[in-house]
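# Structural overview
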Amino acid sequence: MPMMETEFLQAEVTDRKLRLQAAVAHAPHDENLKSLLREVDSALDRIAAGTFGLCEECHDPIEKDRLLSNPLIRYCIDHLNKAERDALQRDLDLATQLQNKLLPPANLCSCGWHTSYHYAPLGAVSGDYCDLIEHNGSLYFFLGDVSGKGIAASLLMTQIHALFRNLLTMGIPLRQVVAHVNRSICEKVLTGNYVTIVCGQATANGDVEIYNAGHLPVIVTNRDNVQLLESTGIPLGLFQEANPPAAKLQLESGDTLFLYTDGLSEARNHEDEYGVDRLTELMDKHRRLPPTELVSVCLNDLARFTGTTPRSDDLTLLALQRMGTA
Ligand SMILES: [Zn+2]
């Protein structure tokens, strides 16, 4: 660990020692405080001995971000004891719960549209973004994929989720909201890298305005055929002035939009990638199915394709179908 960080941590730990000593003076029988004080002393001893920040099991450096957030830890992530592993697991479980709370209602029917989605993080949390918002008689839909994986990606995902919701419900048009989110990621107002996203506004009369910023093609099915709506822009968070143009569609009753992340299209078995072509064929074959069944058909086909090969990415599917007018 570099000198400056060690000095910073030494000051941190020394400060904690003084606070603990003051607390122990007022509560001399508090065993928890006394045990913390022993841990703090032990950290100061390790700093003095030059072994601070090294795992006591394998002697490799402990992960820096973990050490900075808790200078008392003594083991790398591979060598946590059971209590520490349990604590980490509880944190992750909580993160999972929080992220699940951000998901829209299942099988939402709104503004003349039936929807269904499937959201499956690879680990505890996902960098995929999926949301449905009803506002002023329109249904807004969002599906995105934040670069990177795991906790870091999920942090940007939660910020984007909040920003889209806040701006849209303030009555700002979707085009401007997309531009604002792009600028915010570029200016590092939001922490993280970039995001590919499809978002749109659907109304009860079948009008759809859709933005695809560097994301995979959207599959649009109607009574007679299936078509791909390719990306018209680059991912959000790369260039301030690069905003994706809108595509306008008119969908009839029973027509469907199918959105997905690369957890589907880039899923692999031992020799091949699932691919957009296979998905397009599948959607063509089942194009009149309702959204819930369409999502199931797709998951079943994916399972058939991947077999025993383990999943390697977050997976999200979202289907929207215009309801009958009868
Ligand atoms: Zn270790």
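What counts, and where the lines are drawn
Residues numbered from 1 in each chain as written. Predicted model: local features only at pLDDT ≥ 70, side-chain atom pairs only at ≥ 80, totals over all residues. Heavy atoms only, no water. Helix = DSSP H or I, 4+ residues; strand = E, 2+ residues; numbered from the N terminus. Expected span 1.5 Å × (residues − 1). Buried < 20%, exposed > 50% of the residue type's maximum accessible area, 1.4 Å probe, protein only. Contact = heavy atoms within 4.5 Å. Phe/Tyr/Trp six-rings, centres within 6.5 Å; stacked < 30°, edge-to-face > 60°. Core = buried A, V, L, I, M, F, W, Y, C linked by side-chain atoms within 4.5 Å. Donors = N, O, S within 2.8 Å, 3.2 Å for Na, K, Ca; no water. Tetrahedral: all angles 85-135°; square planar, octahedral: opposite > 155°, others 65-115°. Pairing = 2+ DSSP bridges.

## Points about helix α5 (residues 150-169)
Given a rise of 1.5 Å per residue, 20 residues ought to cover 28 Å, and the 29 Å separating the end C-alpha atoms of α5 matches this to within 8%. All of the buried residues along α5 are A153, S154, L156, M157, I160, H161, L163, F164, L167 and L168. Among the structural elements, α4 (82-101), β2 (113-120), β3 (128-135), β4 (138-146), α6 (174-186) and β5 (195-203) are those in contact with the buried residues of α5. Positive phi shows up at G171, right after α5, with a value of about 90 degrees.

## Details of the packing of aromatic side chains
Summed over all chains, the structure comprises five aromatic pairs. Pairing F258 with Y260 gives two aromatic rings, centres 6.3 Å apart and planes at 25 degrees, and the pair type is stacked. Like F258, the residue Y260 is buried in the burial classification. Arranged with centres 5.4 Å apart and planes meeting at 85 degrees, the rings of Y274 and F305 form a pair that is edge-to-face. Placement of Y274 in the loop between α7 (262-265) and α8 (275-285) and of F305 in helix α9 (residues 291-306) is noted, with a sequence separation of 31 residues between them. Given a relative accessible area of 3%, Y274 falls into the buried group.

## Some points on the nonpolar core
Ranked by internal contacts, the top residues of the largest apolar core, which has 49 residues, are F141 and L257. If you tally residues by element for this core, the top one is α5, at eight residues. In this structure L257 touches F141, V208, V218, I219, V220, L249, L251, L318, A319 and L320, once residues within four positions along its chain are discounted. One finds I219, A267, M283 and A319 within the second-largest nonpolar core, a separate group that totals 21 residues.

## Describing the coordination of the zinc ion
A four-donor tetrahedral metal ideally has 109.5 degree angles, and a six-donor octahedral metal ideally has angles of 90 or 180 degrees. Protein ligation of the zinc ion involves C55 (SG), C58 (SG), C76 (SG) and H79 (ND1), the donor distances falling in the range 2.1 to 2.3 Å. Bound by four donor atoms, the zinc ion shows angles of 93 to 117 degrees at the metal and therefore tetrahedral coordination geometry. All donors to the zinc ion come from one chain, and their sequence spacing reads C-x2-C-x17-C-x2-H. Here H79 lies in the loop between α3 (64-69) and α4 and C55 lies in the loop between α2 (31-49) and α3, a separation of 24 residues in the sequence.

## Quick notes on the pairing of β3
Across the eight residues of β3, seven count as buried, placing the element largely inside the fold. Remark: two residues form the turn of the hairpin made by β3 and β4, two consecutive strands paired antiparallel; N136 in that turn has positive phi of roughly 50 degrees.

## Digging into the environment of Q176
Considering the arrangement of structural elements, one finds Q176 in helix α6. For Q176, a relative accessible area of 48% corresponds to the partly exposed category. Measuring from C-alpha to C-alpha, the distance between Q176 and N243 comes to 9.3 Å, with 67 residues separating the pair along the chain.

## Some points on the sheet that holds strand β1 (residues 109-110)
One key point about sheets: their strands pair by backbone hydrogen bonds, in either a parallel or an antiparallel sense. Strand order in the open sheet formed by six strands is β1-β2-β11-β10-β7-β8, with antiparallel pairing between adjacent strands. Edge strands, defined here as strands with exactly one partner in the open sheet, are β1 and β8 (226-229). With four bridges connecting them, strand β7 (residues 218-221) and β8 associate as antiparallel partners. When the bridges of β8 are listed, V218 appears paired with L229.

Bear in mind that shape data such as this cannot, by itself, settle questions of function.
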